[in-house]
Amino acid sequence: MKALMRHAPLVAFCLTIGVLFLTEGVPWVVAQSEAAPATAQASTTAPSDTSDTAVSSDKTGETVEVAEDETSSSGDDDQKAGAAADGAPEAADKASDAVECCKPGDQTPPTELVEKIPPGGLHSPYPDYKKMAADDPKLVVQFRLPGCNECHGGTGGGGFCPALSQGVWFWGNTDDVLFRLITLGSDGLEKQGFYRRQWGSVHAGMPAMGHTIKTADHLWKIIAFIRSINPPGTNPPEKVIPGKMELEDWEK
Ligand code: HEC
């Protein structure tokens, strides 16, 4: 709550943006002209196909109480809806198949991987994110390509949406959780049976970005970049914050 007060102007601004999501569906133009300087250098590769998901994930903000309801019996329906929305209605049946995950250079689309691999099963092939970031000063470009900088700032330090560099993890900090959150958005992650651990400075959902990231390899590099800008000790293995979920949600 204290953090919320401190960020009151930011929260107010983000709420405005949230309303724009709902009414306009195209926040990018506004973001370009009104956002903080951090986003002014934003690339022109605005993710154009996320406006729909942005609207639906924004609803997550309004239904946060529901997320607490661990007795929810609608897991089954949710999951079907989630799978159908991604055009992979057979995903739930495949969940138990042994699928190999995850190798460097994996060309599988992230949207496919999150349906194939049961929750908890995604592991980064690049655990040494520090070395990766040190070896490649341009790693940040991987983060900017899909337009993450539009909301999170050019270097991930915060734009009109939360900074990704604070060692605070809203849904958990495992490879599995981050890969799914970025691919499916907050709404989609919830549909896979995960529960939010806490809110950040902005009460808005993360849009599904999976469709703008072509390969799992690209996303693992983005995740390595995100870890590299967080303070020491806030990433696994030093500090593991698991995704909160009831596994049965997936197995049903
Ligand atoms: C439309 C704005 C928007 C875009 C674009 C966006 N995000 Fe987010 N992101 C958010 C919001 C809002 C949250 C907070 C979500 C929540 O609390 O559920 C968030 C949360 C996150 C988190 C969790 C942070 C934490 O501390 O737990 C990560 C990681 C993340 N985003 C990565 C990305 C990546 C990578 C991209 C690009 C592929 C991206 N985001 C694009 C708005 C955005």
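All of these numbers come straight from a predicted model, not from anything done at the bench.

Conventions and cut-offs
Residues numbered from 1 in each chain as written. Predicted model: local features only at pLDDT ≥ 70, side-chain atom pairs only at ≥ 80, totals over all residues. Helix = DSSP H or I, 4+ residues; strand = E, 2+ residues; numbered from the N terminus. Buried ≥ 20, exposed ≤ 12 C-beta atoms within 10 Å, placed from the backbone. Contact = placed C-beta atoms within 7 Å. Core = buried A, V, L, I, M, F, W, Y, C linked by C-beta atoms within 7 Å. Near = placed C-beta within 6 Å. Nonpolar A, V, L, I, M, F, W, Y, C, P; charged D, E, K, R; others polar. Expected span 1.5 Å × (residues − 1). pLDDT = per-residue confidence, 0-100. Bend = angle between axes of the 7 residues up to and from the residue.

Looking at the overall build of the protein chain
Part 1 of the argument: If you tally the helices and strands in the protein chain, you get 15 helices and 2 strands.
Part 2 of the argument: Taken over 252 residues, the protein chain has a buried fraction of 41%.
Part 3 of the argument: Contacts in the protein chain between residues at least 24 apart in sequence constitute 77% of all its contacts with a sequence separation of at least 6.

Examining the nonpolar core
Note that soluble globular proteins tend to have their nonpolar side chains buried in a common cluster.
Part 1 of the argument: Residues Phe179, Leu181, Leu219 and Ile223 are the most contacted members of the largest nonpolar core, which totals 38 residues.
Part 2 of the argument: Elements with a contribution of two residues or more to this core: helix H9 (110–116), helix H13 (175–191), strand E1 (194–195) and helix H14 (216–228).
Part 3 of the argument: Those residues within four positions of leucine 181 in sequence are excluded, and the remaining contacts are Trp171, Ser186, Leu189 and Met206.

Quick word on the site of the ligand
Part 1 of the argument: Residues in contact with the ligand amount to 29 residues; listed here are only the nearest, Cys148, Cys151, Phe170, Ser186 and Met206.
Part 2 of the argument: Only helix H12 (149–152), H13 and H14 provide two or more residues apiece to the shell around the ligand.
Part 3 of the argument: Among the elements that line the shell around the ligand, the one with the most residues is H13, at 4 residues.
Part 4 of the argument: Here the residues of the shell around the ligand sort into 23 nonpolar, 5 polar and 1 charged.

Some details on H14
Part 1 of the argument: The end-to-end C-alpha distance of H14 is 18 Å, a good match for the 18 Å that 13 residues give at a rise of 1.5 Å each.
Part 2 of the argument: With 11 of its 13 residues buried, H14 lies for the most part within the structure.
Part 3 of the argument: By the burial criterion, the buried members of H14 are Ala216, Asp217, Leu219, Trp220, Lys221, Ile222, Ile223, Ala224, Phe225, Ile226 and Arg227.
Part 4 of the argument: On its buried face, H14 sits against H9, helix H10 (129–135), helix H11 (139–144) and H13.

Looking at the confidence of the model for the protein chain
Interpretation of the predicted coordinates at a detailed level should be avoided for regions scoring low in pLDDT.
Part 1 of the argument: The pLDDT averaged across the protein chain works out to 73; a share of 58% of its residues lies at or above 70.
Part 2 of the argument: Here residues 10–97 is modelled with pLDDT under 50, and outside its nearest four sequence neighbours on either side it reaches 121 contacts, counting other chains as well.

So, H13
Part 1 of the argument: The end-to-end C-alpha distance of H13, which contains 17 residues, comes to just 18 Å, noticeably less than the 24 Å that a straight helix rising 1.5 Å per residue would cover.
Part 2 of the argument: Along H13, the helix axis deviates most sharply at glycine 185, where the bend reaches about 115°.
Part 3 of the argument: With 17 of 17 residues buried, H13 lies mostly within the body of the structure.
Part 4 of the argument: Just downstream of H13 lies glycine 193, where phi reads positive at about 100°.

Remarks on the environment of serine 201
Part 1 of the argument: Turning to its location among the elements, serine 201 is positioned in the loop between E1 and H14.
Part 2 of the argument: Between the alpha carbons of serine 201 and alanine 163 there is a distance of 9.0 Å; along the sequence they are 38 residues apart.

A short note on the environment of glycine 147
Part 1 of the argument: By the secondary structure assignment, glycine 147 is in the loop between H11 and H12.
Part 2 of the argument: Since 22 C-beta atoms lie within 10 Å of it, glycine 147 is described here as buried.
Part 3 of the argument: A sequence separation of 66 residues divides glycine 147 from isoleucine 213, and the C-alpha atoms of the two residues are 9.8 Å apart.

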